[in-house]
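Below are the chains, spelled out letter by letter.
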Amino acid sequence: MPNGRFQGKVSIVTGSGQGIGREIALAMGREGASVVVADWNEIKAREVASEIGAAGGAALPVKVDISDAGQVEAMVRQTLAAFGRIDVLVNNAGIGHVKPFLSITLEEWNRVLTINLTGQFLCAQAVARVMLQQGGGRIVNVASISGERGGTGRAAYGAAKAGVILLTKVMAVELAAKGIGVNAISPGPTETEQVRQCHDDATRAAYHSVLPIKRYAAPSEIANTALFLASQESSFVNGHILNVDGGFGAAGLIFEPR
Ligand SMILES: NC(=O)c1ccc[n+]([C@@H]2O[C@H](COP(=O)([O-])OP(=O)(O)OC[C@H]3O[C@@H](n4cnc5c(N)ncnc54)[C@H](O)[C@@H]3O)[C@@H](O)[C@H]2O)c1
């Protein structure tokens, strides 16, 4: 394995059986990390771990539901048993949800909040306790532009991601002096399975009208940014929410002036 930014590092990437997490896990493997491919879809986790292994890297597939505290503790124990330390956590696993505010059931609300917010809290806390013993580490939470703006149908999903953004800032403030850097990325719309299920033609057209870049992101474009925040290249970046959104957050009126 050639020298990379993650040589000798151990990374847990949650939700890395497919989509953005898969790209992050593969890229970290290419750059020398020992990667824990953590997902509740065990078959997909195994496939990604095999891909990393076939490319000459080290990877451990772990089946975990990030919203179950016991399973998260077990994931940490398996990581330590296999690789002895944890340098990086990418808190990426999450589910999509689009439904009008007036129609959301309490059950749906609780499911989205429990996976997309509580799940990140559980993973971050369990891993940060290990990083504290080691003297440091880096955590990257995956938020969303839906946690920053009031997009239609994003009441539960957006509230969870807004929670991730604030959680990121508090963790960064509390953990910085202990050597643990915490940041988040806020992706814009990215071509993954989650988007294929949640974005109909009307959603895509609406996004294209407000995206200066006029296209969705490739998962690799999100992964590149996550790797920067997970690496020592960003050692003085802390508590930052980095939008990877094709200019969505910067945009005002978009039209062709005459
Ligand atoms: N795709 C986008 O447009 C977009 C935009 C902004 C933010 N995000 C966020 O990026 C992250 C990845 O999204 P994606 O588009 O790659 O989704 P995806 O559905 O393609 O992949 C998500 C992965 O997470 C796993 N997962 C889901 N819930 C889990 C749980 N409770 N425990 C363990 N694993 C679980 C799934 O099995 C899957 O492999 C999510 O947090 C999502 O909210 C995505």
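Residues numbered from 1 in each chain as written. Predicted model: local features only at pLDDT ≥ 70, side-chain atom pairs only at ≥ 80, totals over all residues. Heavy atoms only, no water.

1. Examining the packing of helix α1 (residues 19–30) against helix α2 (residues 42–54)
One can describe the packing of α1 onto α2 by two numbers: an axis separation of 9 Å at closest approach and a directional angle of 25°. Taken as axis vectors, α1 and α2 run roughly parallel relative to one another. When the axes of α1 and α2 are compared, the crossing they make is right-handed. Note on element contacts: α2 touches α1 through Val48, Glu51 and Ile52, opposite Arg22, Ala25, Leu26 and Gly29. (Axes fitted to C-alpha atoms, helices over the stretch in contact; angles between N-to-C directions. Helix = DSSP H or I, 4+ residues; strand = E, 2+ residues; numbered from the N terminus. Parallel < 35°, antiparallel > 145°, perpendicular 65-115°, else oblique. Left-handed = near helix turned anticlockwise from the far one by under 90°. Contact = heavy atoms within 4.5 Å.)

2. Focus on the environment of glycine 188
Counting through the fold element by element, glycine 188 comes out in the loop between β6 (180–187) and α6 (193–198). For the pair glycine 188 and glutamate 221, spaced 33 residues apart in the sequence, the C-alpha separation amounts to 11 Å. Residues within four places of glycine 188 in sequence aside, it is in contact with Ile145, Val244 and Asp245.

3. Examining the site of the ligand
Every one of the 28 residues lining the ligand counts as a neighbour, but Asp39, Asn92, Tyr157, Thr190 and Thr192 are closest to it. Separating an oxygen atom of the ligand from a side-chain N or O atom of glutamine 18 is a distance of 3.0 Å. Isoleucine 20 is positioned such that a nitrogen or oxygen atom in its backbone is 2.8 Å from an oxygen atom of the ligand. The fraction of the free accessible surface of the ligand (840 Å²) that becomes covered by protein chains is 95%. (Near = heavy atom within 4 Å. Polar contact = N/O pair within 3.5 Å; in protein donor to acceptor, adjacent residues only side chain to side chain. Areas by Shrake-Rupley, 256 points an atom, 1.4 Å probe, with all protein chains shown as cover.)

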